[in-house]
Amino acid sequence: MGDVQNAVRRIVVNSADDIRVEEVAAPVAGLGDVLVRSTIVGICGSDVHAAHGRHPFMSLPFWPGHEVIGVVEAAGADAPAELVGKRVVVEPNLACGECTPCQRGRYNICATLDVFGCQTPGGMTDRFTIAADRVIELPDDLSDREAALIEPLATPMHAVRRAGDLAGARVVVLGAGPIGLFVSIAALHAGASHVVVADLLESKRARAERLGATGSFDSSAPDAVDVALRELGGKADVVFDCVSRESTVRLAIDLLEKGGTVMTVGVPAGPTTIDLELVQDREIALLGNLMYVRQDVEAAIELLRERRLPLDELVTAVFPLEQAQQAFDASNDPEQVKVLVAVGA
């Protein structure tokens with residue numbers, strides 16, 4: 001590569017089979033921005049779906065990296081100079097701050113929301129710039145690899161918070177991928193008495209139980225509902241759907257107590273048929289969940305500091321930036337949980 005001061009490496013995803021390292025001009029912090037040197041970047045399920053052309057709100061090509069840990073190297077005019085030298089995590093929602101949701105503190109559903117690394121070039125690069133209010137200083141007691149779990153944990157923390165008081169609740173989590181595992185951990189942390197996790201793969205169900213789930217079941221089995229209710233000791237108060245397909249919505253409704261809640265956490269591939277007559281008749285609440293706000297990020301940081309998340313169970317592969325293609329390939333493997341890309345020390 002050329003002069004490191006004048007160029008940086010950046011990953012571009014053209015398709016699932018065409019993920020490249022490109023060289024671009026080194027960024028400079030502008031007004032209100034900070035310049036961040038990336039250290040660790042996680043690959044999200046949304047990144048994988050987008051690479052395969054299956055994400056409804058992301059298009060190809062894209063420049064990934066919204067699960068980013070780094071070090072602030074410079075601050076532009078009107079950005080806090082005290083951030084320079086600090087390790088930070090990026091909060092990637094780029095909101096207008098002026099629309100009705102923003103004014104109500106719900107900037108995660110901003111009317112014109114963009115997400116860093118989804119609709120704009122992200123942090124899977126040597127260096128990037130971002131508004132100073134989008135970075136959060138990290139506590140010294142979290143390693144970079146632990147901190148890489150903050151962003152993927154924040155969405156489950158948000159969904160669990162929005163589900164209401166879970167103390168003593170019976171909870172089902174559909175899907176034992178990264179988000180489903182984090183949702184089950186967050187629900188247990190919130191006081192749920194039973195957290196039963198569904199997945200097609202026995203190995204993923206076993207991991208969920210190792211991480212604290214009180215039971216699990218195969219959601220494709222003919223007796224799935226009976227097994228789940230037996231594991232729960234009754235019908236569910238809340239079902240977190242981290243898959244969001246027609247089959248999982250139907251299963252969620254079958255598992256719920258009347259008056260229960262379906263929390264849609266996974267990103268649906270498109271329009272989905274639901275049993276609306278049952279939603280109406282049973283007074284079932286169906287709530288969508290998108291990303292998080294600052295309090296959810298802070299809650300994720302505090303939960304990680306409690307050391308309740310075993311790193312070896314959750315960070316299952318790490319690749320250097322030059323092997324981003326291999327990192328995305330690994331992320332297609334359902335046995336992987338969180339795949340990280342190491343950019344720099």
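Residues numbered from 1 in each chain as written. Predicted model: local features only at pLDDT ≥ 70, side-chain atom pairs only at ≥ 80, totals over all residues. Heavy atoms only, no water.

## Quick notes on helix H5 (residues 178-189)
Which entries qualify depends on this criterion: Secondary structure is summarised from DSSP: a helix means a run of H or I of at least four residues, a strand means a run of E of at least two, and numbering begins at the N terminus for each. A helix is expected to reach a length of 1.5 Å times the quantity of its residues less one. Note on classification: 1.4 Å probe, protein chains only; a residue is buried when its accessible area is under 20% of the maximum for its type, exposed when over 50%, partly exposed between these limits.
Between the first and last C-alpha of H5 there are 17 Å, a value that for 12 residues agrees with the 16 Å anticipated at 1.5 Å per step. When H5 is considered as a whole, its buried residues turn out to be Gly180, Leu181, Phe182, Val183, Ser184, Ile185, Ala186 and Ala187. Immediately downstream of H5, the backbone of Gly191 shows phi near 105°, a positive value.

## A closer look at the pairing of strand S2 (residues 18-25)
Note the following rule: DSSP bridges decide pairing: two strands pair if at least two such bridges lie between them.
Bridging between strand S1 (residues 7-15) and S2 involves eight bridges; their strand directions are antiparallel. Looking at the pairing, Val8 lines up with Val24 of S2. From the end of S1 to the start of S2, which pair antiparallel, there are two residues.

## Remarks on the packing of helix H7 (residues 224-232) against helix H8 (residues 246-255)
Going by this rule: Orientation is described by axes fitted as lines to C-alpha atoms, over the contacting stretch for helices, and by angles from 0 to 180 degrees between their N-to-C directions. Our angle categories are set so that under 35 degrees counts as roughly parallel, over 145 as roughly antiparallel, 65 to 115 as roughly perpendicular, and the remainder as oblique. We call a crossing left-handed when the near helix sits turned anticlockwise from the far one by less than a right angle, and right-handed when that turn is clockwise. Residue contacts are defined here by distance: any two heavy atoms, one from each residue, within 4.5 Å place the two residues in contact.
Their axes nearest at 10 Å, the elements H7 and H8 cross at an angle of 45°. Between H7 and H8, the interaxial angle falls into the category oblique. Between H7 and H8 lies a crossing whose hand is right-handed. In contact with Val225, Ala228 and Leu229 of H7, H8 contributes Leu251, Asp254 and Leu255.

## A closer look at H7
What counts is decided by this rule: Here the arc refers to the directions that run from the helix axis out to each C-beta atom.
Along H7, the residues classified as buried are Ala224, Val227, Ala228 and Leu232. Each buried residue of H7 lies within a common arc of 130° when the element is viewed along its axis, so the set occupies one face. Those residues of H7 that are exposed and angled more than 90 degrees off the buried face are Asp226 and Arg230. Buried residues along H7 sit against strand S10 (170-174), strand S11 (194-198), strand S12 (215-217), strand S13 (236-241) and H8. Positive backbone phi, at 80°, marks Gly233, one or two positions downstream of H7.

## Remarks on the environment of Lys338
Looking at where Lys338 falls in the secondary structure, it is placed in strand S17 (residues 338-342). Considered as a pair, Lys338 and Phe128 are 210 residues apart in the sequence and their alpha carbons are 23 Å apart. Not counting the four nearest positions on each side in its chain, Lys338 is found in contact with Gly42, Ile43, Cys44, Glu67, Leu149, Pro152, Leu314, Val315, Thr316 and Ala317.

## So, the sheet that holds S13
Strand order in the open sheet formed by six strands is S12-S11-S10-S13-S14-S15, with parallel pairing between adjacent strands. Looking at which strands have only one partner, the edges of the open sheet turn out to be S12 and strand S15 (285-288). On average, adjacent strands in this sheet sit at an angle of 20° to one another, irrespective of strand direction. Judged from the four bridges that link them, S10 and S13 form a sheet pairing that is parallel. Directly across from Val171, in S13, lies its bridge partner Val238.

## Focus: the side chain of Thr155
Residue placement: Thr155 occurs in helix H4 (residues 150-162). If near-sequence neighbours (up to four positions away) are discounted, Thr155 is found in contact with Val265, Met291 and Tyr292.

## Considering the pattern of salt bridges
When the charged atoms of two side chains with opposite charge come close together, those side chains can pair. Just so we agree on the cut-off: Every case where a carboxyl oxygen of Asp or Glu lies within 4 Å of a side-chain nitrogen of Lys or Arg is listed as a salt bridge.
If you walk through the whole model with that rule in mind, you get 22 salt bridges. Between Glu67 and Lys338 there is a salt bridge, with the nearest N and O atoms lying 3.0 Å from each other. Here the residue Glu67 occupies a position in strand S4 (residues 67-75), and Lys338 occupies one in strand S17, the gap between them amounting to 271 residues.

## Some words on the state of the cysteines
The test is simple: The term disulfide is used for any two cysteine sulfur atoms that are within 2.5 Å.
Tallied over the full model, the rule gives zero disulfides. You can see Cys44 has no disulfide; the closest cysteine sulfur is in Cys118, sitting 7.1 Å from it. With no disulfide partner, Cys102 has as its closest neighbouring cysteine sulfur the one in Cys99, 3.6 Å distant. For Cys102, a relative accessible area of 11% puts it in the buried group.

So yeah, pure geometry; function would need other evidence.
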